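So the chains spell out like this:
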Amino acid sequence: MMRQHTLPTRPGQRVARLRPLTATTPATRRIQPARRSTGVLRAALSGLLLVSGSALANVLLNPGFEAGASDWSIAANHALDSANARSGGQALRLTSTGGESSYTTWSTAVDAAPGSEFDASAWVKATGLVAGPSGPGDTPLLVVRFPGVPIQGFRWAPWDDGTYDYTNEGMGMRFQVPAGGNRFQIGVRTWSHNTAGQTYWDDLLAEPVDHPLRGALLDTLQAEDADKIRKASVHSEELDFTGTGYVDVEENNAIIIWRNVPGGGDRVISVRYSWEGFLRPITLQINGQNINAVTPPATGRRGIYGSIDFLAPLTSATKNTIKLKIGKAGGLNGQPLIDRIDIFAPAGGSPPLPPPAVPTGLSASDGTHTDKVALSWDPSIDATSYEVARDLDPPAEGAVIATVATTAYDDTSAVPLVDYAYRVRACSAAGCSEFGPWETGYRDQGPQLDAQVLNAPANADLSLGAADYLKPGAVPVRRANVGQQISAVSGIGDTDGLTYNGAKVGQQWNDGDPTPTGNNVKSGLRVFADNNGLQFSAAAGTVPRELTLWITSKGAAQSFDADVTASISDGSSADVAVNLTDDSNQKQGQRVVFNYAALADGETLTVSIVKNAGSFVGLDAIKMTGGDPSASNQPPTLEGGAPITLIEGDSLFSEFSAVDPEGTELDFTLQHTLPNATPVLTEPGGGLASVAWDSAMGDVGSWSFTLTVTDADDKSTSVVVPVTVQPLGSGSGSITATTVAVGGTINLADSFIKFQPNASTPDARNATGPNPFSALEPLGDAVASYSSKGDAKYSYTNATPANGTKIKGGNRVFNAAPAGMRFGVEADTTARTLRVFVGVQDALAKVRLSLADDSAAPVEILIDERGNTIASHAVDVAYQADTATELRVELFVEALTEDGMTGWVQFEAARQ
């Protein structure tokens, strides 16, 4: 039966997000079970890294140079040497020249399928090397290349002191054949600038990497699609990544987290990674548990990839969390790349272990305890944990409220006098059983509010065991980084209390705010007038709390008398009052202790102290113990998120800041309805986040994204940002343009700008008329240079800084688009015209005209002078905007010809 009028709301069900298998996932193979002990696979779950070894033979021909120069291209300054071989009869000698060139000896090409993986290594010996201009780093290299694919990987030979015997330390390299390749070659190189010495190479090795425990591919999780990326960011500059990019590690101990990953037993987790050679560890965690930390082989270059395999258990529930923690060395070359993880079923016919049996014997206490419902059940063989689900009685489905390793659980969050139904299931690395039958129980209410008066010992420790405390005074002190479960103190009557430093006993603390520590502090608030007093409130909930008040009192000609009263906001218990009296004229120190609980969380206990007679009553400190600190936990605040309006093709960038009142770590998540391109959520830390998105043509419509920030106590705040994408040129503005070749002398008049052919005078403008033109600015990586070349000549008067007669040239750019140049001219609702003079040599030039308010579609004009020397053209523009804005005039080299002539375009002048 129900013992309470107000029922708590049913917890919402959180739906786990399933990741679909990739399109390339092969069909699951039927595996014939092998005879084995059920303990074999469990023994492998101790955090084993599957060191994918090279189990096959060397694929290089003549790796020890025993067959002479066959199968190797022996370059200049290299020779076979029979006196310094490591094994067999010959080695390869590389002689340093100190020159600018670099000589390489290459093996015969080895055919290999794209994506196939190999381990390469070599033995190397050095005599008398001398550092080049770049220092000891100028050492010989072991190199791998892929004919037809523009990428090479390499490992530096050790330097030591320039002379050492054969070693292969640091010369290992793992590589996958790129997607565009079908063969590879191994090489050794004499690096330029080695000014002396010789290097000997022998016993070069390239072996296929074996992955013996990989079975069917079940899932692929791209790094760039991870649920959380910290100290790293998504990039796509390097070669041979899969998906839409990779995660580039930018700081040490970067993390990548995938959540809600399906499981079902043992899995082989394969990490596809890339880094040049600064070896750093990768740690794999599954559901918060470390599986292993390993340092994988170098791949020889960023953009060449290798893989490492872990064997790890994934639960059968679709809620696994996979976390990679990656180390980083200094500099760009020390930044690892993580491309993806692949999840395989174990190979070899080892059948998965069955999940544990359904637990039996569940019992739940019926009013036996006032602080909990006590649950217990019988153990299930092979279970490593148990999940406890709860619902209101009668139950429907319920939600999991706890995962425990033992066969007992105390539900301290149960509301007193409410009937609950519980059920339990057993879990292991092989998965979880079904839930057992429901069992009901409830928590008794017990005493809800009582009080007692005790003596006040000297120098009480407020920090010890406190859920919260308050030291009132001129500058109140609170426990740092905790939600305010105790309110500020206010006055009753015509006073808010007077601060004083004469308390009977002192207090100490070690985690206060704003004063971190205090020792034997005798301050507080006091009241002199009769029938006046002090009041405050404290958090109350279903879990019992204890509230202690330290009070100083002093009598006068008459004895001291005061009342201390407490009441709970839900009225579940009668008010409690204690009377403090003293017949002496001395200061007395006393403690009033309240023990209390409410029928539901979110209630308050209100306490008042009223002086009836005597000199004064003082409140020195308040301390709360017990209860549930998270009950008063406040969700984080989130600022930012004004509605956004874009023109199709534009980008949005929206910044947000969040603060958690309790100071815990914050986590941002993003949901959206934005079309096409996926928005990018960036979390630099410190409660900051930003969302970026690039719209495309055709994205017109009303969209939105929702940013949610969650603190460590699972309290969250969300903001929904509406995004409106308008069609390009949807306003009433207009742009039209034509072009005509011009030459001879052109007299600039009216408002004009002349882009000058010298650096000291960037441009000339009309000194008497309006000047609507902006300065010229480069676009992209363009470097605008000055030129006195041109077909047309320009004359002008009334100019600043100087008049000009028959001035050729202007500002030109050689770089191909998207590099270019731009200037602006004023625009508004008035119809205007503009003539722009453009010079072109041996190039296809593009002039792009657009309004900054996007009220008209852009217009592009092409000027083709490929194969021709300099020619001048006038672009005549008619335009009108919806608002006071700017007409942007941009100039690009769209294409060049390969005829030996230097091609470029230049802005020469403009006139309105």
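Analysis parameters
Residues numbered from 1 in each chain as written. Predicted model: local features only at pLDDT ≥ 70, side-chain atom pairs only at ≥ 80, totals over all residues. Heavy atoms only, no water. Helix = DSSP H or I, 4+ residues; strand = E, 2+ residues; numbered from the N terminus. Buried < 20%, exposed > 50% of the residue type's maximum accessible area, 1.4 Å probe, protein only. Polar contact = N/O pair within 3.5 Å; in protein donor to acceptor, adjacent residues only side chain to side chain. Phe/Tyr/Trp six-rings, centres within 6.5 Å; stacked < 30°, edge-to-face > 60°. Lys NZ or Arg CZ within 6 Å of the ring centre and 35° of its normal. Disulfide = S-S within 2.5 Å. Pairing = 2+ DSSP bridges. Axes fitted to C-alpha atoms, helices over the stretch in contact; angles between N-to-C directions.

Another point: unusual backbone geometry. In this structure, the amide linkage connecting Asp-513 to the following residue, Pro-514, adopts the cis form with an omega of 10°. Structurally, Pro-514 is set in the loop between β40 (512-513) and β41 (518-521). The backbone of Asn-253 sits at a positive phi, close to 60°, despite the residue not being glycine. Mapped onto the fold, Asn-253 is located in the loop between β17 (246-249) and β18 (254-261). With a relative accessible area of 35%, Asn-253 lands in the partly exposed category. The backbone of Asn-260 shows a phi angle near 55°, a positive value even though the residue is not glycine.

Right, let's talk about the side chain of Gln-906 for a bit. If you trace the backbone, Gln-906 turns up in strand β74 (residues 904-911). For Gln-906, a relative accessible area of 0% corresponds to the buried category. Here Glu-908 takes part through its side chain, which lies 2.9 Å from a polar atom of the side chain of Gln-906.

Now for the packing of aromatic side chains. This model, assessed by the stated rule, comprises 19 aromatic pairs. Judged by centre distance (5.7 Å) and plane angle (35°), the rings of Phe-755 and Phe-907 are tilted. Note that Phe-755 is positioned in strand β60 (residues 752-755) and Phe-907 in strand β74, a separation of 152 residues in sequence. Comparing Phe-755 with Phe-907 shows no difference in burial state: the two are buried. Ring geometry for Tyr-794 versus Phe-837: centroids 5.3 Å apart, planes at 65°, classification edge-to-face. Here Phe-837 lies in strand β69 (residues 832-841) and Tyr-794 lies in strand β64 (residues 793-796), a separation of 43 residues in the sequence. The same class applies to Tyr-794 as to Phe-837, namely buried. Feature note: the residues Phe-118, Phe-146, Phe-175 and Phe-184 constitute an aromatic cluster, connected by ring pairs. Between the NZ or CZ atom of Arg-86 and the centre of the ring of Trp-123, over which it lies, the distance is 3.6 Å.

Right, let's talk about the state of the cysteines for a bit. Enumeration according to the criterion identifies 1 disulfide in this entry. Residue pairing for Cys-427: its cysteine sulfur links by disulfide to Cys-432, the two sulfurs lying 2.0 Å apart. Judged by the sign of its S-S torsion, about 110°, the cystine formed by Cys-427 and Cys-432 is right-handed. Both residues of the pair, Cys-427 and Cys-432, belong to the buried class.

The next point concerns the pairing of β17. On β17, burial covers both faces: Tyr-246 and Asp-248 on one face and Val-247 and Val-249 on the other are all buried. Two elements, β17 and strand β24 (residues 337-346), share 2 bridges in a ladder whose sense is antiparallel. Of the residues in β24, the one forming a bridge with Val-247 is Ile-338.

The subject of this paragraph is the sheet that holds strand β57 (residues 716-726). Strand order across the open sheet formed by 4 strands is β51-β57-β56-β53, with mixed pairing between neighbours. Each end of this open sheet is capped by a strand with a single partner; those strands are β51 (644-647) and β53 (667-672). Along the sheet, successive strands turn relative to each other by an average axial angle of 25°, direction set aside. One ladder, built from 6 bridges, connects β53 with strand β56 (residues 701-710); its direction is antiparallel. Paired with Leu-670 across the strands is Leu-707, a residue of β56.

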